[in-house]
Amino acid sequence: METKPEQLKPVSREESAGYDRKTLDYIRNAAAHGLYEIRGLGAKRKLPSFDDLVFLGASLSRYPLEGYREKCSTKTVLGTRFATKPIELEIPITIAGMSFGSLSANVKEALGRAASEMGTSTTTGDGGMTQEERLSSKTLVYQCLPSRYGFNPDDVRRADAIEMVIGQGAKPGGGGMLLGQKVSPRVAGMRTLPEGIDQRSASRHPDWTGPDDLAIKIHELRELTDWEKPIYVKVGATRTFNDVKLAVHSGADVVVVDGMQGGTAATQTCFIEHVGIPTLAAVRQAVDALEDLNMKDQVQLIVSGGIRTGADVAKALAMGADAVSIGQGVLVALGCNSESYIQDGMHHPADAGYAALGTAAGFCHHCHTGKCPVGITTQDVILEQRLQPEVGAKRLRNYLKTLNMELTTIARACGKQNVHHLEREDLVALTIEAAAMARLPLAGTNWIPGVTGY
Amino acid sequence: MDSLSFDLATTPLRELNQFLHHEAKTGQVKQVTVLNPDGAHNIAVGLDCPVEVEVHGHAGYYAGGMNKTGTVTILGSAGTGVAENMMSGRVHVKGFASNSAGASAHGGLLVIDGDAGLRCGISLKGGDVVVGGSVGSFSAFMAQAGRMVICGDAGDALGDSLYEAVLYVRGSIKSLGADAQVEPMGETDLATVADLLSQAGMNHDPAEFKRIASRRELYHWNADANQEY
């Protein structure tokens, strides 16, 4: 009788959970370079998100709106607290702040064109306002960042709103970063920096520290703009309940809360994945803060970080946001991570570009290199031609239109004539984590972990 | 009517600033006097025409902030962020200045007769700053362009992470920040200091000043530099 040798394969080839291949690669990379990994986009790990919530559509206990016929308003007004000229938008979906420098001038123009056609706003970024985006954007929000690169009172006067940036979801507590490849002559000129340097922005504002100073700083911007323009305060999501309260105390008209799924063009991976809280947790804290102060109707809330679909928008609004901001989804609409780019009316394969970066379409996060194979996050004169403003604007307009249609579809199903009438009561959670973070009942139960019983 | 007075004891600040933003642009009033400032914040922010503003007393935060082509003289001391983000023109503090004086100024001249607090000239982007007295720690932090002349002493970490701004210090420097170094004074430096001192109405021998500029070693990532950034 033949005896089989003992099978030891499961033991000899057992992968370690703690030292899996990803971790081994990480340690080897650190040992080889002595420098942390820097990359673009937001957190890649799986997080509790709006996907873990569902709507309770109308039925017998609630009456729906006719899905294809009855009007459902999406009009959104931001900055009603102090500004004499609040921002009026057709849709509650805005374009998040992304800099010229991280993006090409063509992309900034495309964002402006699409946003203007859809009646929404775009936002500048670190490095100042470009002529392209001002001319193409009907409503432009001008960011005031710690670096103050290219910050110009003339642009403050030309802006429709000012956004004081305290932090961003991808890196709350950290400053911007633009590696040398992207510091082109024009970018360098706008930022008063030598060409080609690895630019690392400050993480603290140069002329104020803390909420009491911020109140005076905001007052300065109000005096400068004769109290006309709304002032937003943007925070990365961390201690959101307290931060939102302090932003309101400082005099914000609008608070922008950016969760950890929010994107970046270049940040340390350890920062992206390990600092900040998910958008789902942050939105509830932010709304709680406004409700606690009884300011829900006076100060508007914009939520960003991982908003991708119309359902995400609807859930953010139902949770209590007045609008959302989208960055990464917008770039994907323009062609980020696409297998091809459109030039001269034709699709051209981009795989060689991805391969040169050691990646492939669908996985790319190499915004920081400036070698975007589809011409979006680049300052390269050849690559940037791969995204033409009119092509990008059309795709982005379609994307925003789709989101807005999905949003109103859900709102009508919940019986709302106005998307801003969506409410927390319309939502339940699918997981215990999401139920606890959003403080919504687990679907089919009345259990909210930590609120109703255990 | 060449000149006009605003008494902040009886007139709201907003009236003053709105006058400076709009009516002053017609050029009919060339000189505006601000009485009883009493440390009010945001006096004469956002000037956008060559008007002259004289503040009779102490100013609070951001006096003359984001000035463009205007002239602001403070006959007293100034709070945090005086002349912050100035684009052009001139702001003159006859007394002392608090923290972040001239922060991220892109142009123009800021003169402080007395001492300045922490972070003077932080993020400077092309403006000139002349301080008659001493400056506090972290002055010229990340200063990108422009010139600072410090007639007294400098605190800790002067010029940390400097880019292309150049600093001139007459007195002692408690410590230099990362990437800042003392360099020899050239003919151009002597002329620059002489010119800025004369514009500021100060009288010192330019040869008494040291030049501080960037070592430019932090301009690029360098794994072997053993920096903790």
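Residues numbered from 1 in each chain as written. Chains lettered and ligands numbered in written order. Predicted model: local features only at pLDDT ≥ 70, side-chain atom pairs only at ≥ 80, totals over all residues.

Draft legend 1. Region of interest: the overall build of chain B. Helices and strands together make up the secondary structure of chain B, namely two helices and 11 strands. Whereas a compact globule of 229 residues would reach a radius of gyration of roughly 17 Å, chain B reaches 18 Å, a difference of no more than 12%. By its C-alpha atoms, chain B is 60 × 35 × 25 Å across when sized along the principal axes. Burial status across chain B gives 57% buried among its 229 residues. Counted over contacts in chain B with a minimum sequence separation of 6, partners at least 24 positions apart contribute 25%. (Helix = DSSP H or I, 4+ residues; strand = E, 2+ residues; numbered from the N terminus. Rg over C-alpha atoms; globule rule 2.2 N^0.38 Å. Buried ≥ 20, exposed ≤ 12 C-beta atoms within 10 Å, placed from the backbone. Contact = placed C-beta atoms within 7 Å.)

Draft legend 2. Fine view of the overall build of chain A. Each helix and strand counted, chain A has 15 helices and 18 strands in total. Expected size for 454 residues packed as a compact globule is a radius of gyration near 22 Å; at 23 Å, chain A falls within 12% of this value. In terms of overall dimensions, chain A has C-alpha extents of about 90 × 60 × 50 Å along its principal axes. Within chain A, the fraction of its 454 residues that count as buried is 56%.

Draft legend 3. Structural context of the sheet that holds strand 5 (residues 90–93) of chain B. Residue and element names in this part refer to chain B. Taking strand neighbours across the sheet as the criterion, the 11 strands line up as 1-2-3-4-5-6-7-8-9-11-10 in an open arrangement whose pairing is mixed. Of all the strands in the sheet, the pair left with one neighbour each is strand 1 (3–7) and strand 10 (180–183). The mean inter-strand angle of the sheet, taken between neighbouring strand axes irrespective of direction, is 15°. With four bridges connecting them, strand 5 and strand 6 (residues 109–112) associate as parallel partners. Looking at the pairing, Arg90 lines up with Leu109 of strand 6. (Pairing = 2+ DSSP bridges. Axes fitted to C-alpha atoms, helices over the stretch in contact; angles between N-to-C directions.)

Draft legend 4. Highlighting the environment of Gln285 of chain A. Residue and element names in this part refer to chain A. Here Gln285 lies in helix 10 (residues 279–292). When the C-alpha positions of Gln285 and Thr238 are compared, they lie 9.8 Å apart, and in sequence the two are 47 residues distant. In this structure, Gln285 is in contact with Thr240 and Phe241, ignoring residues within four places of it in sequence.

Draft legend 5. Quick look at unusual backbone geometry. Residue and element names in this part refer to chain B. A positive phi is found at Ser104, a non-glycine position, where the angle reads about 50°. On the secondary structure map, Ser104 appears in the loop between strand 5 and strand 6. Owing to 31 C-beta atoms within 10 Å, Ser104 belongs among the buried residues under this scheme. With a phi close to 55°, Met142 is a non-glycine residue in the positive phi region. Position of Met142 relative to the elements: it lies in the loop between strand 7 (125–131) and strand 8 (145–150).

Draft legend 6. Representation of the sheet that holds strand 12 (residues 254–258) of chain A. All names here are of chain A. The parallel open sheet is built from eight strands, whose spatial order is 5-15-14-12-11-8-7-6. The open sheet is flanked by strand 5 (93–95) and strand 6 (121–123), the only strands paired with a single partner. Between one strand axis and the next, the sheet turns through 25° on average, direction left out of account. In terms of strand pairing, strand 7 (residues 139–144) meets strand 8 (residues 161–165) through four bridges, oriented parallel.

Draft legend 7. A look at the interface of chain A and chain B. With 22 residues of chain A at the interface, the matching set in chain B holds 36 residues. In terms of residue count, helix 7 (residues 210–224) of chain A provides more of the side of chain A that touches chain B than any other element does, five residues in total. For the side of chain A that touches chain B, the residue count by class is 10 nonpolar, six polar and six charged. (Nonpolar A, V, L, I, M, F, W, Y, C, P; charged D, E, K, R; others polar.)

Draft legend 8. Spatial organisation of the environment of Gly173 of chain A. Residues and elements named next belong to chain A. Along the chain, Gly173 turns up in the loop between strand 8 and strand 9 (177–178). Sequence separation of Gly173 and Ser59 is 114 residues, and the distance between their C-alpha atoms is 46 Å. Once you skip the residues sitting within four places of it in the chain, Gly173 turns out to touch Gly167, Ser203 and Val275.

Draft legend 9. Seen up close, the packing of helix 3 (residues 105–118) of chain A against helix 14 (residues 389–413) of chain A. All names here are of chain A. Look at helix 3 against helix 14: their axes get within 8 Å of each other, and the N-to-C directions meet at 45°. Relative to helix 14, the element helix 3 is oriented oblique. The two elements helix 3 and helix 14 meet at a crossing, and its hand is right-handed. On helix 14, the residues that touch Asn106, Val107, Glu109, Ala110, Leu111, Arg113, Ala114, Glu117 and Met118 of helix 3 are Pro389, Gly392, Ala393, Leu396, Arg397, Leu400 and Lys401. When the residues that make up the contact of helix 3 with helix 14 are grouped by side-chain class, the tally is nine nonpolar, two polar and five charged. (Parallel < 35°, antiparallel > 145°, perpendicular 65-115°, else oblique. Left-handed = near helix turned anticlockwise from the far one by under 90°.)

Draft legend 10. Local environment of the nonpolar core. By size, the foremost hydrophobic cluster in this structure holds 201 residues, and its most contacted members are Val255 and Val257 of chain A. Residues contacting Val257 of chain A, with those up to four places away along its chain left out, are Val235, Ala237, Thr240, Val244, Ala282, Val283, Ala286, Leu301 and Val303 of chain A. (Core = buried A, V, L, I, M, F, W, Y, C linked by C-beta atoms within 7 Å.)

Draft legend 11. Here's a closer look at the confidence of the model for chain B. When pLDDT is averaged along chain B, the result is 96; 96% of the residues meet or exceed 70. ipTM for the predicted complex: 0.96, alongside a pTM of 0.96. (pLDDT = per-residue confidence, 0-100.)

Draft legend 12. Up close: the pairing of strand 15 (residues 323–326) of chain A. Residues and elements named next belong to chain A. Burial along strand 15 is two-sided: Ala323 and Ser325 and Val324 and Ile326, pointing in opposite directions, are all buried. Where strand 14 (residues 300–304) and strand 15 come together, three bridges link them in parallel fashion. Among the inter-strand pairings, Ile302 is bridged to a residue of strand 15, identified as Ala323. What joins strand 14 to strand 15 is helix 11 (residues 310–319), and the crossover it makes is right-handed. (Right-handed = clockwise from strand over helix to strand, strands pointing away.)

Draft legend 13. Local environment of the pairing of strand 5 of chain B. Residues and elements named next belong to chain B. Residues Arg90 and His92 line one face of strand 5 and the alternating positions Val91 and Val93 line the opposite face, and both faces are buried. Across four bridges, the pairing between strand 4 (residues 71–74) and strand 5 is parallel. Its bridge partner lying in strand 5, Val72 is registered against Val91.

Draft legend 14. How the structure looks around the packing of helix 11 of chain A against helix 14 of chain A. Residues and elements named next belong to chain A. Between helix 11 and helix 14, whose axes approach to 7 Å, the crossing angle comes to 55°. Between helix 11 and helix 14, the crossing angle belongs to the class labelled oblique. Judged by the twist between their axes, the crossing of helix 11 over helix 14 is right-handed. Between helix 11 and helix 14, the contacting residues are Gly310, Ala311, Val313 and Ala314 on the first element and Thr402, Leu403, Asn404, Met405, Glu406, Leu407, Ile410 and Ala411 on the second. Across the contact of helix 11 with helix 14, the residue classes tally to eight nonpolar, three polar and one charged.

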